[in-house]
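Chains, contacts and geometry: an overview
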Amino acid sequence: MMNYKEKLQGPIFSVLQQTADALGVECYVIGGYVRDIMLERPSKDIDVVVVGSGIAFAEAFTKNLGMKAHLSVFKNFGTAQVKIYSKKEEPLEVEFVGARKESYRSDSRKPIVEDGTIEDDQNRRDFTINAMAFSLNGATFGDLVDPFGGEMALKLRILKTPLDPDVTFSDDPLRMMRGVRFASQLNFMLEENTFNAIKKNRERIKIVSGERIIDEMNKIMASPKPSIGLMLMEKTGLMEIIFPEYDLFSASLTVRSAL
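Predicted model only: the values in this text are computed from it and were never measured. (Residues numbered from 1 in each chain as written. Predicted model: local features only at pLDDT ≥ 70, side-chain atom pairs only at ≥ 80, totals over all residues. Heavy atoms only, no water.)

Details of the pattern of salt bridges
For the structure shown, the criterion picks out 11 salt bridges. For Arg178, the salt bridge identified is with Asp126, shortest N-O distance 2.7 Å. With Arg178 in helix H7 (residues 174–186) and Asp126 in the loop between helix H4 (118–123) and strand E8 (133–135), the pair connects residues that are 52 residues apart, well separated along the chain. In this structure Arg178 comes out as partly exposed when scored by relative accessible area, which is 25%. In this structure Asp126 comes out as buried when scored by relative accessible area, which is 6%. Notably, a salt bridge pairs Lys200 with Asp166, separated by 3.2 Å at the nearest N-O pair. With a gap of 34 residues between them, Lys200 in helix H8 (residues 192–201) and Asp166 in helix H6 (residues 165–171) connect regions that are remote in the sequence. Residue classification places Asp166 among the partly exposed residues on the basis of a relative accessible area of 23%. (Salt bridge = Lys/Arg side-chain N within 4 Å of Asp/Glu carboxyl O. Helix = DSSP H or I, 4+ residues; strand = E, 2+ residues; numbered from the N terminus. Buried < 20%, exposed > 50% of the residue type's maximum accessible area, 1.4 Å probe, protein only.)

Next up, the structure:
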C-alpha cells in the first residue's frame, strides 16, 4: 500500500490525526484534495470523511485547533464546515461529513442517505480519481485507500466511474457534466464505457436544475481548455438537450456548407 505521509504535513493534519485517535473513529481526507495533491495542483478545500458523526468530529477538531477558526454546522445535511483563518492567506475550508451510502429515486437526484463505511462512501463518488482517500489515523496515517484504481487513472489521464457508469449517471445526472468539466480542467479523456454511458443517459440531464447546469457550464468555460468540454458536450448529445437552439444552429451550418 502506498503511503503519502509526506503530503500531509502541517498543524491542520496533526490536529485531525489527534482528534481521530482521541475519539477512536476512522477518519480520512477524500476526494478533490487527494486528487490535487497527487497532481501537484493547489487546493484550499479539504473534505474529511468520518466513520461516525461528522458534526461531532468537527466540534472536537475546532476545540483542539488552537487557532482562529469558525465552525458552521448544517444539521439537516449532517455536515459541518470549519474555516481556518491566517493573516497572510485566504481562509482554509475543511468540510466534515459522516461516511454514508446513498440510493436514488428515478425522478430525483436527491439521494436517500444512510450511515455507511468508508467503502460505501467511496462507492458513491462520481469518478475513480475523486474516490481516493488518505487515512488520518495515527497507525495508518497517509495510507492511500484506492479500491478503484484512481491513482492509475491519474497516470493514464482518464475519467471513469467507480461503479457501473449507467447507474452512476442515472442516479445523479449532474455527474455527466462534471465529467465533461473535469476533462476540460485537467485535460483528461473520458474512458470509452463512461463516454458511452453519458450518451445513453443524456436525457436524464433534464431532471437537473437550470442553476446547477449553468454552474457547471461556467466552470467548463473558465477551464484551461473549454474547447474540450464543448466538444464533449456536442459528441455526447448533452448540448442539444441543454441548448436546443444549438442543434438548430448546427443544422443550419450543415445546410449552408452543402450549398
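What to know about the sheet that holds strand E9 (residues 144–145)
In spatial order, the strands read E3-E4-E5-E2-E1-E8-E9; together these seven strands make up an open sheet with mixed pairing. Single-partner strands in this sheet number two, and they are strand E3 (69–74) and E9. Across six bridges, the pairing between strand E2 (residues 45–50) and strand E5 (residues 92–98) is parallel. Bridging across to E5, Ile46 finds its partner in Val94. Running over the sheet, helix H2 (residues 32–39) touches strand E1 (27–30), E2, E8 and E9 and is turned about 60° from E1. Its contacts with the sheet place helix H3 (residues 54–65) against E1, E2, E3, strand E4 (79–84) and E5, and it is angled at close to 20° to E4. (Pairing = 2+ DSSP bridges. Contact = heavy atoms within 4.5 Å. Axes fitted to C-alpha atoms, helices over the stretch in contact; angles between N-to-C directions.)

Digging into H3
The first and last C-alpha atoms of H3 sit 16 Å apart over 12 residues, in line with the 16 Å expected at 1.5 Å per residue. Looking only at H3, the buried set comprises Gly54, Ile55, Phe57, Ala58, Ala60, Phe61, Thr62 and Leu65. If you follow the buried residues of H3, they end up packed against helix H1 (11–23), E1, E2, E3, E4 and E5. Residue Ser53 occupies the N-cap position of H3, its side-chain oxygen lying 3.4 Å from the main-chain nitrogen of Ile55. Of the residues trailing H3, Gly66 is marked for its positive phi of about 70°. (Expected span 1.5 Å × (residues − 1). Polar contact = N/O pair within 3.5 Å; in protein donor to acceptor, adjacent residues only side chain to side chain.)

Structural notes on the confidence of the model for the chain
Summarising the model, the chain shows a mean pLDDT of 89, and 90% of its residues fall at 70 or more. Mean pLDDT in the chain bottoms out at helix H12 (residues 244–258), which sits at 47, and peaks at strand E10 (residues 158–159), which reaches 98. Every residue in residues 251–259 is under pLDDT 50, and counting partners more than four places away or in other chains gives zero contacts. (pLDDT = per-residue confidence, 0-100.)

Quick notes on the packing of aromatic side chains
A complete count under the given rule lists six aromatic pairs for this structure. Aromatic side chains Tyr4 and Phe134 sit 5.2 Å apart centroid to centroid with 35° between the ring planes, which places their arrangement in the tilted category. In this pair, Tyr4 sits in the segment before H1 while Phe134 sits in strand E8, placing the two residues 130 residues apart along the sequence. Across the pair, exposure class does not vary: Tyr4 and Phe134 are buried alike. (Phe/Tyr/Trp six-rings, centres within 6.5 Å; stacked < 30°, edge-to-face > 60°.)

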